[in-house]
Every structure is written in structure tokens, then in C-alpha cells.
Amino acid sequence: MNESQLLTTTETSLVVIEAIQELDGATPAELAAMLELSESTIYKHLYTLAKHGYVASDGDEYRLGARFYHIGMYVRNRSKVFELAGKYVIELAEQSNEESDFGIEENGRIVTLFDSVGSSAKPSSRLNNYEYMHTTAIGKAILARLPESRVDEITSRWGLPELTEETITSRAELDAELERTRERGYAINDQESIPGKRVAGVVAEGPNGAVIGGFTISGPAYRIEDADLHQEFPDILQRVVPDFETELVSQGLL
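Only a predicted model underlies this, so the values are computations on that prediction, with no experimental measurement involved. (Residues numbered from 1 in each chain as written. Predicted model: local features only at pLDDT ≥ 70, side-chain atom pairs only at ≥ 80, totals over all residues. Heavy atoms only, no water.)

### Looking at the pairing of strand β7 (residues 197-205)
To be explicit about the condition: Exposure categories follow from relative accessible area, calculated using a 1.4 Å probe and restricted to protein chains: below 20% of the type maximum is buried, above 50% is exposed, and the middle band is partly exposed. Helix numbers and strand numbers start at the N terminus; a helix is a DSSP run of H or I with at least 4 residues, a strand a run of E with at least 2. Between any two strands, pairing holds if DSSP finds at least two bridges.
Burial analysis of β7 places 8 of its 9 residues in the buried class, which makes it a mostly covered element. Connecting strand β6 (residues 187-190) to the next strand, β7, in antiparallel fashion are 6 residues, including Gln 191 with a positive phi near 65 degrees. Two strands pair when backbone bridges link them, and β7 and strand β8 (residues 211-220) are joined in this way by 9 bridges, in the antiparallel orientation. Bridge pairing in β8 places Val 202 opposite Phe 215. Linking two consecutive strands that pair antiparallel, namely β7 and β8, is a turn of 5 residues; a positive phi of about 90 degrees is found at Gly 209 within it.

Pasting the structure below:
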């Protein structure tokens, strides 16, 4: 097998994995129809993925395997910086009595590594931890710190897909929102990724100004008023996140 064939095979396996996730489990016939591939090709990829623990079968249906969880936990815990962020996510959730997240930018998307929920709050209906930057508070907080060329690169690669009626879908609108984010010092996601979820977020940075990731506080729209979104949540974030940044330095993690 030459390099080109190997690359094509690897890409097909990745597409199969993503399709299984999107469909929340699927039969080979469903995958073949969705991906416009033959069932024999699908079976070959499923066999290899199952052999290595990346998918598992439940009757005729295939789902993602638990090995992804093992790998995900390794990624999350490989860094002492991220481990410390988890501690502050819990603190933010306790202080706000709402939900808090910590995420990072990777390849122009936001990956949520930690989340915690206050004692009287319920977890949100997030369907995945790999999100478009323009739809999230963490993403917009980070985009507001990036040079325009990098924002161009990210939006060209991923576009500005509409997830809800509130999602920003034009570059001009995104640029205006990023300018507002810079002026007020925090970003918001007002039902832009999930209907009924309001979020405020800020970046966390190292002593040299490099962005590490971002923290958020969020809650349901029926309970979170503008004063919460634009005052209480940012106040808590801007009080707690600097403690995280200070502890990173005091522990010698940066």
C-alpha cells in the first residue's frame, strides 16, 4: 500500500468514526448510505476499528468504543495546567451556583476539558465537547485575542454554521461581536450554541500574555437575566480566573 492509499484509508476510518458519533450508533447499511460507500468497505473499516477497541457492536449496530474515553482522559490529564483548571471550574460552579466549563482552542475549534455544576443547577444539554468557536463564549473570548489573519484562517476553514436562531452567521457580525468582547473584557453566548443556554466567558492567560484557554459560567435562559449574564457572571469570572493564573505561576507550571 502506497502513501496515498494509506492516507485515504485513514481518512475513511476517521469519517466512519465521525458518522457513528453523529448518528449516535449506526448499522453498516446506514453508514454506507450516509457516506456513499459500499457496505463491504464499511465492514473492513469497522473490523479494524473494533479490533483495536475504537468501536463496539451491539447486535447489528456499531457505537464508539470506550477506548475513546481512555484516550480523552489522557489528553485532559496530561497537563498539570489543565488539571489545575479543573479545580477552578469547581470553584466557579460553587460561587455562581450554576454550570462552569474550561476549554481550549485546538485546530480552530473549542474542546471542553472540564465542567462542573453548582448544587442547585442541572447539567446543560450539551451534545458534544468539540464546538465551533463563533458559537461559544470561550471561542469568542479567544477569537477576540487573535490576530485578524488567524480569525480569517479559522472562519475560512470551518465557516460560520448556524446552530440556533441566535447564532452569528456573517463575518461582519462576528467582527462587531469580537470588538464588543474586547471593550467589555468578556464574551457571551446568548443561546447561540444551545437554545435556552446563556453563557459568559473569559480567557485565562500566562504571564507572557499567551492564551491558555477559557472559563465560562452558564445557566438556563428562563432563570438567567441580563444582570446575571453581563454583571454577576463576569464579576465572578474576573475575580476567580486571575487566581488560577497566579497559582499557575506560583506552582511553576508556566
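After presenting the structure, the write-up continues.
### Topic: a nonpolar patch on the surface
Defined as follows: In this scheme, patches are assembled from residues that exceed 30% relative accessible area and form no salt bridge. Like charges are connected within 9 Å, while nonpolar side chains (Val, Leu, Ile, Met, Phe, Trp, Tyr) are connected within 5 Å. Here, Shrake-Rupley sampling with a 1.4 Å probe gives the accessible areas, and only protein chains in the shown set may cover a residue. Here, a salt bridge means any Lys or Arg side-chain nitrogen found within 4 Å of an Asp or Glu carboxyl oxygen.
Taken together, Ile 71, Tyr 74 and Val 75 make up a surface patch of nonpolar side chains, about 260 Å² in accessible area. Using a relative accessible area of 32% as the deciding quantity, one classes Ile 71 as partly exposed.

### Describing the side chain of Ser 116
We count it as follows: Residues are treated as being in contact if the distance between any of their heavy atoms lies within 4.5 Å.
Looking at where Ser 116 falls in the secondary structure, it is placed in strand β4 (residues 109-117). Residue Ser 116 is classed as buried on the basis of its relative accessible area, which comes to 14%. Apart from residues no more than four positions distant in its own chain, Ser 116 is found in contact with Val 89, Ile 90, Ala 93, Glu 98, Glu 99 and Ser 100.

### Comments concerning the domain arrangement of the protein
Test applied: An automatic or database domain assignment supplies the start and end points of every domain.
The domain boundaries assigned to the protein delineate domain 1 (3-69) and domain 2 (79-251). For domain 1 and domain 2, the distance between their C-alpha centres works out to 32 Å.

### Re the packing of aromatic side chains
Heads up, the rule is: Ring geometry is summarised as follows: Phe, Tyr and Trp rings, the Trp one being its six-membered ring, pair when their centres sit within 6.5 Å, and such pairs are stacked at plane angles under 30 degrees, edge-to-face over 60 and tilted between the two.
Within the structure shown, the criterion is met by 6 aromatic pairs. Between Phe 102 and Phe 215, the ring centres sit 4.8 Å apart and the planes meet at 50 degrees, which makes this aromatic pair tilted. Placement of Phe 102 in strand β3 (residues 99-106) and of Phe 215 in strand β8 is noted, with a sequence separation of 113 residues between them. On the basis of relative accessibility, which here comes to 0%, the residue Phe 102 falls in the buried class. Taken together, a centroid distance of 5.1 Å and an interplanar angle of 75 degrees make the contact between Phe 215 and Phe 244 edge-to-face. One end of the pair, Phe 215, is in strand β8; the other, Phe 244, is in helix α9 (residues 226-250), with 29 residues separating them in the sequence.

### Here we look at the sheet that holds β6
The line we're drawing: Lines fitted to C-alpha atoms define the axes here, with helix axes fitted over just the stretch in contact, and angles between the N-to-C directions of these axes take values from 0 to 180 degrees.
Strand order across the open sheet formed by 6 strands is β5-β4-β3-β8-β7-β6, with antiparallel pairing between neighbours. The sheet is open, and its two edges are formed by β5 (130-132) and β6, each paired on a single side. For this sheet, the mean inter-axis angle between neighbouring strands, taken without regard to orientation, is 30 degrees. Against the sheet, helix α5 (residues 80-96) contacts β3, β4 and β8, and its axis sits at roughly 55 degrees relative to β4.

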